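Listed below, chain by chain, are the residues.
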Amino acid sequence: MVTQTDNLNVQATDESTTPRALVCDFRPGLEGVPAVQSSISYVDGKAGILEYRGIPIEELATRSTFLETSFLLIWGYLPTEAELAEFQHDIQFHRRLKFRIRDMMKCFPESGHPMDALQASAAALGLFYSRRALLDPSYIRAAVIRLLAKIPTMTAAFQMIRKGNDPIQPRDDLDYAANFLYMLSEREPDPLAARVFDTCLTLHAEHTINASTFSALVTASTMTDPYAVVASAVGTLAGPLHGGANEEVIEMLEAIGSVEAVEGFVDRAIAEKSRIMGFGHRVYKVKDPRATILQQLAEQLFDSLGHDRHYDIALELERVVADRLGHKGIYPNVDFYSGLVYRRLGIPTDLFTPVFAIARVSGWLAHWREQLAANRIFRPTQLYGGEHGVHYVPIDERGPVQLAP
Ligand code: ACO
């Protein structure tokens, strides 16, 4: 197998593994390398199947709620009525933020990205809830409740604060999704909007070992606190090749501007070898099943709350990309239609990725629990391609630096 290291004089730094074996095994981006054994979710990228704990995503999207699905992911079974009621009640009870957290958030620059604000706020929870009792089931449960409860409140609080307003207090009579939309605008959302948003959260709740979940697992494996685990995952989700893509999809649709301009845009992108945002996936080589459900939700919303002309551009883009790049398995991913749905729900573009994080907290926490049950600290190795035995040169004896071509 040819690898990126073939032209390097590589040597394993881990003596237990031979250099030859490492060269053969090296996969940039760890593509296809199993990092954990997990029973939380399953993806078949060729057949377009996604299951949470064995249940197809289509069934959960239509029959469950985000909090019930979170319980399923984290504890591994569908809750009884009493268990679900207690879970929902506890989350509702812990939605509020300590005034010091609100005050800390008021010091964040209003021009900062909400993902950075969320990462800092999630990490700060560890200061306020500093007991670290990873073997105590009641500590684990309390951390799960607190994170699921407070991440939406922190996201909405930053949105209000950066507009110069005080954060809106959560409303106990509203469910998880409706309450979040309410905290963004102080207006009670349309029931269809709340239901669609709840389904969006379910669709984004979990997706095997992607970049942010892997980041969560690496952090968790050091036995640090769950707030650090979630904060590191939020930082990883922020990048444009991962959760940040849904924001860029909207910017791209706006830049394309019209249905007629789509073909030219795609052909230029292919000629310039640039990425078309919202398309392609490391695992799916067909249309992402979540994109199919999101598209249906988008249509329901547009029928009820009014059309969005960017949806017509999106449909044409999907057609043209399938025509030009379908042979490479490039089809819409989860981010392609989610931005249009969120925009119709009145969510600002730069909150799309924090909304993704609100949902994915349940997947991260499920993997955190699974990791704790059979923990081994992540410590991969590397292929060293540098020099040996180089001597230190005093600064006044150094010539100009010869940069590698
Ligand atoms: N637009 C155009 N071409 C693409 C795209 C795209 N969005 N994605 C992949 N390709 C092409 C590549 O140019 C490459 O072509 P080549 O073989 O001729 O060189 C081929 O498809 C394979 O690409 P890879 O980079 O090997 O695919 P990889 O699995 O590493 O990338 C990724 C997956 C990062 C998601 C990629 O498809 C991408 O950058 N998409 C755009 C960003 C995006 O939408 N990200 C969200 C992903 S979903 C999520 O994280 C929740």
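A word on the pattern of salt bridges
Where side chains of opposite charge bring their charged atoms close, a pairing between them can arise. In this structure the tally under the stated criterion is 19 salt bridges. Glu31 is the salt-bridge partner of Arg282, the closest N and O atoms lying 3.9 Å from each other. Taken together, the positions of Arg282 in the loop between helix H13 (262–271) and helix H14 (289–305) and Glu31 in the loop between helix H1 (19–25) and strand S2 (41–44) put the pair 251 residues apart, joining distant regions of the chain. Among the salt bridges present, the one from Arg319 reaches Glu263, with a minimum N-O distance of 3.4 Å. Taken together, the positions of Arg319 in helix H15 (residues 309–325) and Glu263 in helix H13 put the pair 56 residues apart, joining distant regions of the chain. Glu263 sits in the partly exposed class, given a relative accessible area of 34%.

Digging into the confidence of the model for the protein chain
Looking at the protein chain, the pLDDT average stands at 92 and 94% of residues meet or exceed 70. Confidence drops under a pLDDT of 50 for residues 1–21, and excluding neighbours within four residues, the segment shows 32 contacts in the predicted structure.

As for the packing of aromatic side chains
Any pair of aromatic rings gets described here by the distance separating the centres and the angle formed by the planes. Here the structure, examined in full by the defined rule, presents 15 aromatic pairs. Aromatic side chains Phe71 and Tyr77 sit 5.3 Å apart centroid to centroid with 85° between the ring planes, which places their arrangement in the edge-to-face category. Between the aromatic rings of Phe197 and Tyr342, the centroid separation amounts to 6.3 Å while the plane-to-plane angle is 70°, which identifies the pairing as edge-to-face. Separated by 145 residues along the polypeptide, Phe197 in helix H9 (residues 191–204) and Tyr342 in helix H16 (residues 334–344) bring together distant segments of the chain. Classification of Tyr342 as buried rests on a relative accessible area of 1%. Above the plane of the ring of Tyr129 lies Arg146, whose end atom (NZ or CZ) is 3.8 Å from the centre.

Examining unusual backbone geometry
Positive phi outside glycine occurs at Leu30, with the angle close to 55°. Tracing the backbone through its elements, the reader meets Leu30 in the loop between H1 and S2. Assessed through its relative accessible area of 46%, Leu30 is described here as partly exposed. Phi at Met223 takes a positive value of approximately 65°, unusual for a residue other than glycine. Within the secondary structure, Met223 sits in the loop between helix H10 (211–220) and helix H11 (226–237).

The rules we used
Residues numbered from 1 in each chain as written. Predicted model: local features only at pLDDT ≥ 70, side-chain atom pairs only at ≥ 80, totals over all residues. Heavy atoms only, no water. Salt bridge = Lys/Arg side-chain N within 4 Å of Asp/Glu carboxyl O. Helix = DSSP H or I, 4+ residues; strand = E, 2+ residues; numbered from the N terminus. Buried < 20%, exposed > 50% of the residue type's maximum accessible area, 1.4 Å probe, protein only. pLDDT = per-residue confidence, 0-100. Contact = heavy atoms within 4.5 Å. Phe/Tyr/Trp six-rings, centres within 6.5 Å; stacked < 30°, edge-to-face > 60°. Lys NZ or Arg CZ within 6 Å of the ring centre and 35° of its normal.

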